[in-house]
Amino acid sequence: MDQTYIGAPIAAEDFRLLTGKATFTDDIKLPHMSMPRFLRSPHAHARITSIDAARAQALPGTIAVFTFRTSAVWAKPIPLRLYPLPGWSIFCNIPGAGQIPLSWASRWRSSWPKPLTC
Amino acid sequence: MTLADFLRDELNLTGTHLGCEHGICGACTILFDGEAVRSCLLLAVQADGANLMTVEGLAQGEGLHRCNGRFTRNHALQCGFCTPGFLMTLLRSAGNAKAPPKRSSERRSPVTSAVAPVRTHRAGYLASETGG
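Only a predicted model underlies this, so the values are computations on that prediction, with no experimental measurement involved.

What counts as what
All residue numbers refer to position in the chain's written sequence, counted from 1. All chains are assigned letters beginning at A, and all ligands numbers beginning at 1, according to the order in which they are written. For this predicted model, a pLDDT threshold of at least 70 governs which residues receive local features, and a threshold of 80 or more governs which side-chain atom pairs are given and counted, while totals over whole chains, interfaces and linings are taken from all residues. In this text, helices come from DSSP runs of H or I with a minimum length of four residues, and strands from runs of E with a minimum of two, each type numbered from the N-terminal end. Counting other C-beta atoms within 10 Å of a residue's own tells you its class, since 20 or more makes it buried, 12 or fewer makes it exposed, and anything in between is partly exposed; those C-beta atoms are placed from the backbone. We call two residues in contact if the C-beta atoms placed from their backbones are at most 7 Å apart. What the arc covers is the set of directions going from the helix axis to the C-beta atoms. Should DSSP find at least two bridges between two strands, the strands are taken to pair. Summary of the metric used: pLDDT quantifies the predictor's per-residue confidence within the range 0 to 100.

(A) Here's a closer look at the overall build of chain B. If you tally the helices and strands in chain B, you get five helices and three strands. The buried share of chain B, taken over its 132 residues, is 36%. Once local pairs closer than 6 in sequence are excluded, the contacts in chain B between residues at least 24 apart make up 61%.

Written as structure tokens, this is what we have:
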């Protein structure tokens, strides 16, 4: 084997990227491809009580409108894992771990609701 | 319809990329009658009769423009998404080469100043600075 690629620069993609010939996801066109539009709440902290999609559905060219109500069957709770993290109890047992002043670790730790082991 | 959408969707010139779509990032930069412009901030009708150049126009046949060659030699691109914007901005700068600034307070090189309008989350522009 007289050719090794280990440690050798390979500019295989450069020509495409430099000449506009590369294909990024947004460059792909397929037959009958449709375009999604996302509507997000204009309020940073608000409770959504209802969504009336009738007018959006009635717009010419609209294929479908999906809201949580129509998609709930696929939606599963996102697990919120704050603790325990692997190695957390070991860290807590290090002498002085709780007294590290102004370290990211102690601030992070103090912001947690309930310390698990220390 | 914006000029960028017209280039990409109607003319199928997808080398011009859209990043922020409101004139900040510079990925969609093209030459409009020789000036570097954000194609996302122009309407297609505004370009009626204008002489446009996109990144596709940089490559002649199988050859590369000298800007392109220097980019690849100096590893000035990573994912390459914003690279067309850098190329077109530099091309505009190269066509209007100015003398280096005399003020010592100007720390950036002319090339860095030229591409400063292009914002990217990649580090490629640092390499492009050495491409001259």
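(B) Spotlight on the overall build of chain A. A tally of helices and strands in chain A yields five helices and zero strands. Taken from the N to the C terminus, the helices and strands of chain A come in the order α-α-α-α-α. Every one of the 118 residues in chain A was classed for burial, and the buried ones make up 5%.

(C) Seen up close, helix 2 (residues 66-73) of chain B. All names here are of chain B. Buried within helix 2 we find Cys67, Asn68 and Phe71. Across the axial projection of helix 2, the buried residues extend over an arc of 100°, all falling on one side. Directly beyond the C-terminal end of helix 2, a positive phi value near 55° is found at His75.

(D) Here's a closer look at unusual backbone geometry. One non-glycine residue with positive phi stands out, namely A:His32, at about 65°. Looking at where A:His32 falls in the secondary structure, it is placed in the loop between helix 1 (14-18) and helix 2 (54-58).

(E) Structural view of the interface of chain B and chain A. If you look at the interface, chain B gives 17 residues, while chain A gives 11 residues. Secondary-structure elements contributing two or more residues to the side of chain B that touches chain A are helix 2 and helix 3 (83-95) of chain B. For the side of chain B that touches chain A, the element with the most residues is helix 2 of chain B, which contributes three residues.

(F) Summary view of the pairing of strand 2 (residues 35-38) of chain B. Residues and elements named next belong to chain B. Pairing of strand 1 (residues 29-32) with strand 2, which is carried by four bridges, proceeds in the antiparallel orientation. Residue pairing in the sheet places Leu31 in a bridge with Ala36 of strand 2. In sequence, strand 1 turns back onto strand 2 through a hairpin of two residues, with Asp33 there showing a positive phi of about 50°.

(G) Expanded view of the sheet that holds strand 1 of chain B. A sheet is described by the order of its strands in space; here three strands give the open sequence 2-1-3 (chain B), paired in antiparallel fashion. Across the chains shown, the open sheet's two edge strands, defined by having one partner strand only, are strand 2 and strand 3 (52-53) of chain B.

(H) Summary view of the confidence of the model for chain B. Residues and elements named next belong to chain B. Per-residue confidence for chain B gives a mean pLDDT of 78, with 67% of residues at or over 70. Least confident of the elements in chain B is helix 5 (residues 124-128), whose mean pLDDT is 46; most confident is helix 1 (residues 3-10), at 95. Counting contacts from residues 97-102, a segment whose pLDDT is below 50, to residues more than four positions away or on other chains yields three contacts. Overall, residues 121-132 carries pLDDT values under 50, and its contacts beyond four positions in sequence, including any with other chains, amount to 27 contacts.

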